[in-house]
Every structure is written in C-alpha cells, then in structure tokens.
Amino acid sequence: HVMLQSFLMRHLSWLVTGKDDCSVLQAFLKERNLLNFLATLGCVLVSATAFAMVHWPDKWLMAGTGMMGVPWAIEYLLHRNVLPLGLYH
C-alpha cells in the first residue's frame, strides 16, 4: 500500500512540477492544437446551451434541443451556413 502510494505520488508530482523550466502539464496545455480544440469545444457547448435555453419552460424540449444543438453547432462551424438549420427547424 505504501509502495503504491509512493509510486503514484512521485509520478503525479513529476507531471505537475516537471524537470527543468516547465512542467509536463504546462507543456501539454501550451500545445496549439489542444487550445484550438478547447476553444471549438467551448463554442459548441455554449451555442448548444443557448439553443436549449431559448426553449426554457419545457424540460423535455430543452433536453432535445440541447442534444441536437451539438451536431448543428458543429455543422455550422464546418460549413458556415445556417440554411440547413433553418430548414430542419
């Protein structure tokens, strides 16, 4: 038990503190692709949530529009065309 805890804490500490001037976690967060992915994910989640909140009084409608908001937000980001969403609505 003590051996396992020591092993896990040592590797967790290395992940956070790293070796020389920057940690492994800091280098991972500085990666350009990760930041772009997180920004796109944030845009999709915010737009899907806003789309669901427009249908606020009905909980089932909010859940359905929130779930359908995710693929439609991705569709809009890929093609920059709101016409398919309007036709689907």
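One structure accompanies this document, and this report is about it. Predicted model only: the values in this text are computed from it and were never measured.

Considerations on the environment of leucine 77
In step 1: Within the secondary structure, leucine 77 is located in helix H4 (residues 59–79).
In step 2: Filtering out sequence-adjacent residues up to four positions away, leucine 77 remains in contact with Thr40 and Val44.

Looking at unusual backbone geometry
In step 1: Within the chain, arginine 80 stands out as a residue other than glycine whose phi angle is a positive 50°.
In step 2: Within the secondary structure, arginine 80 is located in the loop between H4 and helix H5 (83–88).

Focus on the side chain of threonine 65
In step 1: Relative to the helices and strands, threonine 65 is located in helix H4.
In step 2: Threonine 65 sits in the buried class, given a relative accessible area of 10%.
In step 3: Within polar-contact distance, the side chain of threonine 65 engages the backbone oxygen of methionine 62 at 3.2 Å.
In step 4: With residues up to four places along the chain from it excluded, the contact list for threonine 65 reads Phe51, Ala52 and His55.

So, the layout of surface pockets
In step 1: Taken as a whole, the largest pocket encloses approximately 180 Å³ of empty space.
In step 2: Along the walls of the largest pocket sit Cys43, Val44, Ser47, Ala48, Phe51, Gly69, Trp72, Ala73, Tyr76, Leu77 and Leu85, which together make up its complete lining.
In step 3: Of all elements in the fold, only helix H3 (32–53) and H4 reach the threshold of two or more residues within the lining of the largest pocket.
In step 4: Taken together, the residues of the lining of the largest pocket sort by class into 9 nonpolar, 2 polar and no charged.

About the thresholds
Residues numbered from 1 in each chain as written. Predicted model: local features only at pLDDT ≥ 70, side-chain atom pairs only at ≥ 80, totals over all residues. Heavy atoms only, no water. Helix = DSSP H or I, 4+ residues; strand = E, 2+ residues; numbered from the N terminus. Contact = heavy atoms within 4.5 Å. Buried < 20%, exposed > 50% of the residue type's maximum accessible area, 1.4 Å probe, protein only. Polar contact = N/O pair within 3.5 Å; in protein donor to acceptor, adjacent residues only side chain to side chain. 1 Å grid on protein atoms, 1.4 Å probe; cavity = no way out; pocket = protein on both sides within 12 Å on 5 of 7 lines; lining within 4 Å. Points joined across faces, edges and corners; volume = space filled by probe spheres on them. Nonpolar A, V, L, I, M, F, W, Y, C, P; charged D, E, K, R; others polar.

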